[in-house]
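# Tertiary structure, described
What follows is the residue order along each chain.
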Amino acid sequence: MDGEQFRAASRQMTDYIADYLTNIRERRVLPEVEPGYLRPLLPAQAPDTPDEWSDVMADIERVIMPGVTHWHSPHFHAYFPTGNSYPAILADMLSDAIGCIGFTWISSPACTELEVVMLDWLGQLLDLPSQFLAASGGKGGGVIQGTASEATLVAMLSAKTKMLKQVKKDKPYMADNAAAALVGYGSDQAHSSVERAGMMAGVKMRQVASDDNFAMRGPQLREAILKDKALGLIPFFVVGTMGATPACSFDNLREIGEVAQEFGLWCHVDAAYAGSAMVCEEFRYLMDGVELADSFNFNPHKWLLVNFDCSAMWIKDASEVVEAFNVDPLYLKHEQQGQVPDYRHWQIPLGRRFRSLKLWFVMRLYGKHGLQAHIRKQVDLAHQFETRVKKDPRFEIIAPVTLGLVCFRLKRSNEVNETLLKNLNAGGVIHLVPAKIKDTYFLRFAVCSRLTEPQDVDEAWQEVLKQTDLLLQEI
Ligand code: PLP
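Residues numbered from 1 in each chain as written. Predicted model: local features only at pLDDT ≥ 70, side-chain atom pairs only at ≥ 80, totals over all residues. Heavy atoms only, no water.

## Considerations on the site of the ligand
Basically, it comes down to this: We call a residue near a molecule or strand whenever a single non-hydrogen atom of that residue lies within 4 Å of it. Residues adjacent in sequence count toward polar contacts only when both atoms are side-chain atoms; beyond that, a polar contact is any pair of N or O atoms within 3.5 Å, and within protein one must be able to donate a hydrogen and the other to accept it. Polar here means any residue other than Ala, Val, Leu, Ile, Met, Phe, Trp, Tyr, Cys and Pro, which are nonpolar, and Asp, Glu, Lys and Arg, which are charged; Gly is therefore polar.
Around the ligand, a shell composed of 13 residues is seen, among which Ala148, Ser149, Thr245, Asp270 and Asn299 lie nearest. For the ligand, an oxygen atom lies 2.8 Å from a polar atom in the backbone of Ala148. Taken together, the residues of the shell around the ligand sort by class into three nonpolar, eight polar and two charged.

In structure tokens, the structure reads:
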């Protein structure tokens, strides 16, 4: 394909994308295919001679779309949202065209420098404490990771290195066995990626019991730390979650941060979903105490209209990450080293894409007010659904609706609720996933697509009512 052919093909693709997203409401949100559906639709081998572009285009509807779960359908209410917007898509096109691998400053200076500035812009939009921002001129700074899971792992590995150095200095007689004694903490509501990071980092992790509001509190964390210290273990790391996945609950960051400081633990904040809401002043009370954290992460690719992948992470003292992962082969050295960040030291892979373009385009083309309007609209839609649920005495809400997630269930057994969810998903009109807290199974209605309108929420509720009536008639 040459430049002229690309021009024509990309026009076709642009039309296809605009049509797809404009008419996505018409598609069944969950596909009906069975595992293995795709192989019979393709030849057994790659072609020997080039196919025609028109044939490739035609195969999108024939091969791909039947097996797509439409995450941006206004009828998609599963998990948490993932971002999608035209400005972000345009930025990804440009990123793909530039196609640089920005591991050091010299490997593409714009890639590094735009990222530094965009993480400052974004941090300011969230009103993060200035110590996290490169613009403060201190030790802090931001970086784009691929996912929240990577951010947690990077924070944990940095904390591990820091604590092991500390032990070597303060208690050299313990140094040989210290790694096996390290222990980290998260709430019983923390995302599975926290437990997984512990496995990958080779450290013990403890789940601290959350309170009646599903929040991890300081006294419970303190108690767990003291218990472990009494066993001769070395507490080194804690994750506080803002907007935990099961019910969008919020740990008490101030209490957790204070305990972390008392015992010298690294405090990482996982705000994967809820962080985006901090662009609105009225939700900032949820991050009270964030200034006590060592690192903070959220996914603009979840709720801030940026396409996957873009996970923003800020570190108060970036040297603690950079030094933890610093290897410096000759082929990656450059003359400006030390004057600007070399992001290869801030992350697990070496290679990295030009992801800050997405942040730049989205922040410019929506502006602060546009981003706030997006969050506020989605929170209002969640309250619209909550109101419907509350009016029907057969249902209960099982957690406060703080942002865009409504957790609800029929006042029946877990089994009845499981069947309701199964029937809802089989109906194909809407898509939801469940969660369970302390043996209570419930349904999660997340407002996900930026295309969701009040009428979609009403239709979703009508579908819940229809499936509920059918189910209750049967049992
Ligand atoms: N943390 C929380 C609170 C989440 O809700 C999720 C995913 O939904 C994650 C972490 C993992 O996100 P990622 O896929 O970016 O690793």
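## What to know about the sheet that holds strand S9 (residues 405-410)
Selection rule: The rule for pairing is simple: two strands pair if DSSP sees at least two bridges between them. By the criteria applied, helices consist of DSSP H or I runs no shorter than four residues and strands consist of E runs no shorter than two, each listed in order from the N terminus. Here, axes are lines fitted to C-alpha atoms. For helices the fit covers the stretch in contact, and angles between N-to-C directions go from 0 to 180 degrees.
If you walk across this open sheet you meet the four strands as S8-S9-S11-S10, and the pairing is antiparallel. With partners counted over all chains shown, the strands left at the sheet margins are strand S8 (395-397) and strand S10 (433-437), one partner each. Direction aside, neighbouring strands of the sheet carry axes that sit 40 degrees apart on average.

## What to know about unusual backbone geometry
Residues Phe308 and Asp309 are joined by a peptide bond in cis, for which omega reads 5 degrees. Here Asp309 shows up in the loop between helix H10 (300-303) and strand S7 (311-315). Unlike most non-glycine residues, Asp127 shows phi in positive territory, near 60 degrees.

## Some details on the side chain of Asp270
Under the convention used in this document: The buried label goes to any residue with under 20% of its type's maximum accessible area, the exposed label to any with over 50%, and the partly exposed label to all in between, with areas taken from a 1.4 Å probe on protein chains only. Two residue types count as positive, namely Lys and Arg, and two as negative, namely Asp and Glu; His and chain ends fall outside the count. What counts as a salt bridge is simple: a side-chain nitrogen of Lys or Arg found within 4 Å of a carboxyl oxygen of Asp or Glu. Contacts are assigned to residue pairs with any non-hydrogen atoms lying within 4.5 Å of each other.
Of note, Asp270 is situated in strand S5 (residues 266-270). Buried within the structure, Asp270 lacks any salt-bridge partner; its nearest side chain of opposite charge belongs to Lys302, at an N-O separation of 7.4 Å. From its side chain, Asp270 meets the backbone nitrogen of Ala272 in a polar contact 3.0 Å long. Excluding residues that lie within four positions of it along the chain, Asp270 makes contacts with Ala148, His191, Val239, Gly240, Thr241, Met242 and Asn297.

## Observations concerning the UniProt feature "modified residue: N6-(pyridoxal phosphate)lysine" (unreviewed entry) in the chain
Stated formally: UniProt positions are given in the numbering used here, feature names are shortened, and annotations may be inferred rather than shown by experiment.
Here, UniProt's "modified residue: N6-(pyridoxal phosphate)lysine" (unreviewed entry) annotation points to Lys302. Judged by its relative accessible area of 21%, Lys302 is partly exposed. Apart from residues lying up to four places away in sequence, Lys302 is in contact with Phe80, Pro81, Thr82, Gly83, Ala272 and Tyr273.

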